[in-house]
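Per-entry structural report
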Amino acid sequence: MAALRDGDFAALQILLKAPSKDAVRQLCQECFSSPPAALGPLAQRACPGLAISAQEAEQLVSALHNLTRHVVFRGFTRAEDILCLFPENFHQNLKNLLTKIILENISAWRNEAQASQISLPRLVDMDWRVDIKTSSDSIARMAVPTCLLQLKIQEDAALCGNNPVVSALTVELSKETLDTMLEGLGRIRDQLSAVANK
Amino acid sequence: MGLLNFTRDPVPEAVSGDMHNLNQLSAQQFSSLTEVLFRFLTEPKEVERFLTQLSDFATMNKISLGPLKNIVKSILLVPNGALKRNLSSEQVRADFIALGLSEEKASYFAEQWKVNSPTLTRLALGQTLMINQLIDMEWKFGVTAGSSELEKVGSIFLQLKLVIKKGSQLENVYVELTLPQFYSFLHEMERVKTSLESFS
């Protein structure tokens, strides 16, 4: 998580050189979504559009990243909270524009942060099928229903960057196992309702 | 010997001799031996106990253990084949008679077979191959209070640990689900249960 630094607001004023409000909007979104490691390349891409030096671009991109991430971290929802962050002498119009852009994007950004937080491997999809076993080496004729469950599991997004590894696991459940599992899942549901109703 | 129900392969030579010896046992002795056999068939893991009971039977009835074991091996051919082929008790009886066992003893054994076959069938079904069988499921759920990106979160997470049998080893698989995913999973599992029940 990036913390706001002293030089950040000075760097933000470089945005006054931006060609349009949309350019500022675009840059804000890219700076938020970019992980710290990718800020360098992003700065290089931003240079030509803003007619600024490489060093200025780096400072700007870093400052925008810190500002947007800081606001999302604190969970601000009101314009006042965001406006308070800026120093006294900061350019009024730019301050208002940045606040407006941030407020527009804040809930999408929160979702993005939550989606990429660390976790155990995540369930991304699940499919099932019911088979009837009709014969085996131990019994020539039978009619035993069984369930095949396929779980698609994605490894921790943070570890895989842009190429998450999804593995498929197929499990077989007998009717008894399924009943026990449903009992467990039912208990979870009951406990969740109890927590929700408190 | 005509066609047998319990097997298509030729029967070992020793079997008719063993049947002849069985015929020499009294009804009481045959009944005790049959009891020992079925106790073993319904609890196949109790090998020690089975061997002890056979040995006791041999001593009590003044029969040598070696020949007794051979006789038992021959007898067991029939119920094992019968189980695989879902034979009826009449077919079991017919097979024993074809092998040389007396009608009286064949009928008695077939009757015991009928009584025990639900248990034996259930045991055989339990041995059927399962791929990546789910053995156990552990779970915990909680609330994410905060993260490095979000100071206050308050979202519920659910973690499942699935214990899966892969071949002869157990493997643990850890999965995390969001709340909507959990409800969706629960809903799907209930559909599976309905489907399985309609086929039972």
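Remember, predicted model here, so these are calculated numbers, not experimental data.

Quick word on the confidence of the model for chain B
- On average, residues of chain B carry a pLDDT of 91, and 99% of them reach 70 or more.
- Here the complex is predicted with pTM 0.73, and the ipTM for its interfaces comes to 0.73.

A look at the pattern of salt bridges
- Evaluation of the coordinates by the stated rule reveals 22 salt bridges over all chains.
- Here Glu-197 of chain B and Lys-175 of chain A are joined by a salt bridge, their closest N and O atoms 3.9 Å apart. Placement of the pair is Glu-197 of chain B in helix H7 (residues 179–199) and Lys-175 of chain A in helix H8 (residues 175–197), with the two residues belonging to separate chains.
- A salt bridge links Glu-103 of chain B to Arg-93 of chain B, with the nearest nitrogen and oxygen atoms 3.5 Å apart. In this pair, Glu-103 of chain B sits in helix H6 (residues 103–126) while Arg-93 of chain B sits in helix H5 (residues 89–99), placing the two residues ten residues apart along the sequence.
- Given a relative accessible area of 53%, Glu-103 of chain B falls into the exposed group.
- For Arg-93 of chain B, a relative accessible area of 29% puts it in the partly exposed group.

Some thoughts on H7 of chain B
- Helix length check: H7 of chain B, at 21 residues, gives a terminal C-alpha distance of 31 Å against a target of 30 Å (1.5 Å per residue), a fit within 8%.
- Every buried residue of H7 of chain B is accounted for by Phe-182, Phe-185, Leu-186, Glu-188, Met-189, Val-192, Ser-195 and Leu-196 of chain B.
- Residues of H7 of chain B that are buried make contact with strand S1 (122–133), strand S2 (144–154) and H8 of chain A together with strand S2 (155–166) and strand S3 (169–178) of chain B.

A short note on the nonpolar core
- Leu-12, Leu-15 and Leu-98 of chain A are the most contacted members of the largest nonpolar core, which totals 40 residues.
- Residue assignment for this core shows that the elements contributing at least two residues are helix H1 (6–12), helix H2 (21–33), helix H3 (39–50), helix H4 (54–74) and helix H6 (92–115) of chain A.
- Not counting residues within four places of it along the chain, the set of residues in contact with Leu-12 of chain A comprises Leu-60, Ala-63, Leu-64, Leu-67, Phe-86, Phe-90, Leu-94 and Leu-98 of chain A.
- Counting residues in hydrophobic clusters, the runner-up holds 37 residues, among them Phe-57, Ala-82, Phe-96 and Trp-113 of chain B.

Describing the UniProt feature "domain: COMM" (unreviewed entry) in chain B
- UniProt records the feature "domain: COMM" (unreviewed entry) at residues 133–200 of chain B, using the numbering of this structure.
- In this annotation, residues 133–200 of chain B is assigned 31% helix and 50% strand; the end-to-end C-alpha distance for the span is 20 Å.

What about the confidence of the model for chain A?
- The predicted model of chain A has a mean per-residue pLDDT of 88, with 95% of residues at 70 or higher.
- Considering each helix and strand of chain A separately, the mean pLDDT is smallest for helix H7 (residues 157–160) of chain A, with a value of 63, and largest for S2 of chain A, with 94.

A few points about the domain arrangement of chain A
- Annotation of chain A at the domain level lists domain 1 (6–116) and domain 2 (122–197).
- Spacing between the C-alpha centres of domain 1 of chain A and domain 2 of chain A amounts to 44 Å.

Details of the domain arrangement of chain B
- What the domain assignment lists for chain B is domain 1 (13–129) and domain 2 (132–198).
- Placing a centre on the C-alpha atoms of domain 1 of chain B and another on those of domain 2 of chain B gives a separation of 48 Å.

What about the interface of chain A and chain B?
- At the junction of the two partners, chain A supplies 53 residues and chain B supplies 55 residues.
- Buried area between chain A and chain B, both sides added, is near 5200 Å², and the carbon and sulfur share of it is 69%.
- Counting the contacts that link chain A with chain B gives five salt bridges.
- Two residues, Arg-74 of chain A and Glu-151 of chain B, come together in a salt bridge whose shortest N-O distance is 3.4 Å.
- Of all the elements in the fold, those that place two or more residues in the side of chain A that touches chain B are H4, H6, S1, S2, strand S3 (166–173) and H8 of chain A.
- By residue number, the principal contributor to the side of chain A that touches chain B is H8 of chain A, which donates 13 residues.
- Residues that form the side of chain A that touches chain B fall into these classes: 30 nonpolar, eleven polar and twelve charged.

Rules used in this analysis
- The residue numbering used here restarts from 1 in each chain and proceeds along that chain's sequence as written.
- Labels follow written order: the first chain is A, the first ligand is 1, and so on.
- It should be noted that, the model being predicted, local features are given only for residues of pLDDT at least 70 and side-chain atom pairs only at 80 or more, the latter also being counted only at that level, while totals for whole chains, interfaces and linings use all residues.
- Think of the side-chain values as coming from all heavy atoms in the structure, minus any hydrogens and water.
- You can read pLDDT as the predictor saying how much it trusts each residue, on a scale of 0 to 100.
- Criterion for a salt bridge: a side-chain nitrogen of Lys or Arg within 4 Å of a carboxyl oxygen of Asp or Glu.
- We count a stretch as a helix when DSSP gives it H or I for four or more residues in a row; a strand needs E for two or more, and each element gets its number in order from the N terminus.
- Think of it in three bands: residues with accessible area under 20% of the maximum for their type are buried, residues over 50% are exposed, and the middle band is partly exposed, with areas taken using a 1.4 Å probe on protein chains only.
- Expected helix span is given by 1.5 Å per residue-to-residue step, counting one fewer step than there are residues.
- It only takes one pair of heavy atoms within 4.5 Å for two residues to be counted as in contact.
- Buried Ala, Val, Leu, Ile, Met, Phe, Trp, Tyr and Cys residues form a nonpolar core when they are joined through side-chain atoms within 4.5 Å.
- UniProt positions are given in the numbering used here, feature names are shortened, and annotations may be inferred rather than shown by experiment.
- The split of the chain into domains comes from an automatic or database domain assignment.
- A 1.4 Å probe defines the accessible area here, and the buried area is the portion of it lost by two parts on being joined, summed over both.
- Three residue categories are used. Nonpolar comprises Ala, Val, Leu, Ile, Met, Phe, Trp, Tyr, Cys and Pro, charged comprises Asp, Glu, Lys and Arg, and polar comprises the others, including Gly.

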